[in-house]
Amino acid sequence: MSEPFPVPSSSAVVAGVPPPVHPVLQALMRLVLGPAGRQRVRVSQTLLSLGVFLLFALILQMAVLLGLAAADRAFTLTAFSLSTAGGLYLLIRSGWNEVLHPPEPSLTLVQMVCAITEVCWAYAVLGEARGVVVVMLIVVLTFGMFVLRPGQARAMALLAGMELAVVMVLCNRSEPQRYPAEVEIIHAGIAVLALGAVAILTIRFGRLRRRLSDQREELRQALARIHEMATRDELTGLPNRRTLRERIGQFGAGLAPLSVALIDIDHFKRINDEHGHPIGDRALCHFARLAEDELRGSTDIVGRWGGEEFLLLLPETRPEQAHACVDRLRRRLMRHPLPGVSPVLVMSFSAGIGECRGAEDLDAVIERADQAMYRAKQAGRGRTELG
């Protein structure tokens, strides 16, 4: 007779490989917890609170058996607690929590308000054993320590203290022999100390979480800036030489044609000499913006190759089509002089085009485009040559 569950081998255990999960258990976990992800974590946390209230229900029944609590009161509280916890589980398991309250789909505040109400209710049911209620309130407030903001933590502690105070007064008024004022004052003092201490710890923990969150965000932004510096040209904001080579490799590995155009701004040294380097920098940025506007959205790529040289990557484009694209860019550049410069500064460029013929042709295609660009400059500039 075969075993219902597979037994992991010793080699798998030694190697640290987790044992396989039986399909029946997998199906049961999907049914109870839902699909893997953050929602499953929320469901499991709600099940944990449901388990706590199941144990709390058993404690109430023990109190009834020991004569410390009335059976009808204990049954009513148990039914309310389990139905509330079960309802919250079904609400979260169904996914309605994400519809009803998207900012905080765990519904932590709702669960805590219900738990505080149920625990304070237990104070009126447990009689001589009611001192345990303070411990349960501490457990409830601790449950929210990892989620609540400082203001929410103060509100929950205040709510717990007010509800417990109301229950104490009502119990003393209705059953003064069972709930004498002297004992209630002692319980109230202990509750204030305990709830206040937990609230302070929760507030401090919340502030610590906030600082850690801010630090993570600062680190994320710093890493983004470092990545930007490593992949972008600082002046123009275009992809730099390193990024362009990586993209050529990605495009070149495919089967689609890829044309590479190397562009050199004509007489750029004269621009720097006559107008100054700040104007020269503006000229490079001016060309970069016009080139970006001329390209086909996210398909084509323009980057700064170095100095006054730029590289166009035109995937799924034959050299003749690339030639037409480069000529359109040249005409656009000549129609849009650099603004704010007198006399009018009209720019032009020389370009060479090469076609990539596979991953092994990466360096060669750039060399062919460079040689074609050199021929364009030798032929009088302001023109495009095929490599």
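Just above, that's the structure.
Attention here is on the structure that accompanies the text. Because the structure is a prediction, the values reported are computed rather than measured.

Thresholds applied
Just so you know, the residues in each chain are numbered from 1, in the order the chain's sequence is written. The predicted origin of the model limits local features to residues at a pLDDT of at least 70 and limits the giving and counting of side-chain atom pairs to 80 or more, whereas totals for whole chains, interfaces and linings rest on all residues. As a convention, hydrogens and water are excluded, and side-chain values are obtained from all of the structure's heavy atoms. Aromatic contacts are taken between Phe, Tyr and Trp rings whose centres are within 6.5 Å, Trp giving its six-membered ring; a plane angle under 30 degrees counts as stacked, one over 60 as edge-to-face, and the others as tilted. Working definition: helices are DSSP H or I runs of at least four residues, strands are E runs of at least two. Numbering for both runs from the N terminus. Categorising residues by exposure relies on relative accessible area from a 1.4 Å probe, with only protein chains included: less than 20% of the type maximum marks a residue as buried, more than 50% marks it as exposed, and the intermediate range marks it as partly exposed. Placement of a positive charge over a ring is assigned whenever Lys NZ or Arg CZ falls within 6 Å of the ring centre and within 35 degrees of the normal to the ring plane. Definition used for salt bridges: Asp or Glu carboxyl oxygen within 4 Å of a side-chain nitrogen of Lys or Arg. Nitrogen and oxygen atoms within 3.5 Å of one another constitute a polar contact, given that in protein one can donate a hydrogen and the other can accept it, and given that sequence-neighbouring residues count only through two side-chain atoms. The contact criterion used throughout is that any non-hydrogen atoms of two residues lie within 4.5 Å. Without a salt bridge and with relative accessible area above 30%, a residue can belong to a patch; like charges are then joined within 9 Å and nonpolar side chains (Val, Leu, Ile, Met, Phe, Trp, Tyr) within 5 Å. In these tables, accessible area is a Shrake-Rupley quantity obtained with a 1.4 Å probe, and a residue counts as shielded only by the protein chains included in the view. Fitted lines through C-alpha atoms serve as axes, helices being fitted only where they are in contact, and the angles separating the N-to-C directions of these axes extend from 0 to 180 degrees. Relative orientations are named as follows: roughly parallel for angles under 35 degrees, roughly antiparallel for angles over 145 degrees, roughly perpendicular for angles from 65 to 115 degrees, and oblique for any other angle. All residues other than Ala, Val, Leu, Ile, Met, Phe, Trp, Tyr, Cys, Pro, Asp, Glu, Lys and Arg, Gly among them, are scored as polar; the first ten of these are nonpolar and the last four charged. By this definition, two strands are paired if DSSP reports at least two bridges between them.

### What about the packing of aromatic side chains?
Under the counting rule described, the total for this entry stands at five aromatic pairs. Aromatic pair Phe287 and Phe310: ring centres 4.7 Å apart, planes at 50 degrees, arrangement tilted. A residue pair is termed long-range when its members are at least 10 positions apart, and Phe287 in helix 12 (residues 277-294) and Phe310 in strand 3 (residues 309-315) qualify at 23 residues. By the burial criterion, Phe287 is buried, and Phe310 matches it. Between the aromatic rings of Phe287 and Phe349, the centroid separation amounts to 5.7 Å while the plane-to-plane angle is 75 degrees, which identifies the pairing as edge-to-face. In this pair, Phe287 sits in helix 12 while Phe349 sits in strand 4 (residues 349-356), placing the two residues 62 residues apart along the sequence. Each member of the pair Phe287 and Phe349 is classed as buried. Among the aromatic side chains, those forming a connected cluster through ring pairs are Phe287, Phe310 and Phe349. Arg330 extends its terminal NZ or CZ atom over the ring of Phe349, reaching a point 4.6 Å from the ring centre.

### What about the pattern of salt bridges?
This model, assessed by the stated rule, comprises 18 salt bridges. Residues participating in the shared-partner salt-bridge network are Asp293, Glu294, Arg328 and Arg332.

### Here we look at the side chain of Arg330
Within the element layout of this structure, Arg330 appears in helix 13 (residues 319-335). A polar contact of 2.9 Å, which involves the side chain of Arg330, links it to the backbone oxygen of Arg383. Polar contacts involving the side chain of Arg330 include one to the side chain of Thr384, which spans 2.7 Å. Those residues in contact with Arg330 that lie beyond four places of it in its chain are Ser348, Phe349, Ser350, Ala351, Gly382, Arg383 and Thr384.

### Some thoughts on a nonpolar patch on the surface
Taken together, the side chains of Leu25, Leu28 and Leu31 define a hydrophobic patch exposed on the protein surface, amounting to about 290 Å² of accessible area. Relative to the elements of secondary structure, Leu28 occurs in helix 2 (residues 23-33).

### Notes on the packing of helix 6 (residues 108-126) against helix 7 (residues 132-143)
Where helix 6 contacts helix 7, the two axes come as close as 9 Å, and the packing angle between them is 180 degrees. Taken together, helix 6 and helix 7 sit at an angle that is classed as roughly antiparallel. Counting all contacts with helix 6, which are made through Thr108, Gln111, Met112, Ala115, Ile116, Val119, Cys120, Ala122, Tyr123 and Leu126, the residues of helix 7 involved are Val132, Val133, Met136, Leu137, Val140, Leu141 and Phe143. In the contact of helix 6 with helix 7, the residues fall into 15 nonpolar, two polar and no charged.

### Considering the sheet that holds strand 1 (residues 258-265)
Hydrogen bonding along the main chain pairs the strands of a sheet, whether they run parallel or antiparallel. Pairing within the open sheet is mixed, and its five strands lie in the order 2-3-1-4-5. Looking at strand neighbours, the two that pair on one side only are strand 2 (301-306) and strand 5 (384-386), the edges of this open sheet. For this sheet, the mean angle separating the axes of adjacent strands, direction not counted, is 25 degrees. With three bridges connecting them, strand 4 and strand 5 associate as parallel partners. For Ala351, the partnering residue across the bridge sits in strand 5 and is Thr384. Contacts from helix 14 (residues 362-378) reach strand 1, strand 2, strand 3, strand 4 and strand 5, with the element oriented near 150 degrees to strand 4.

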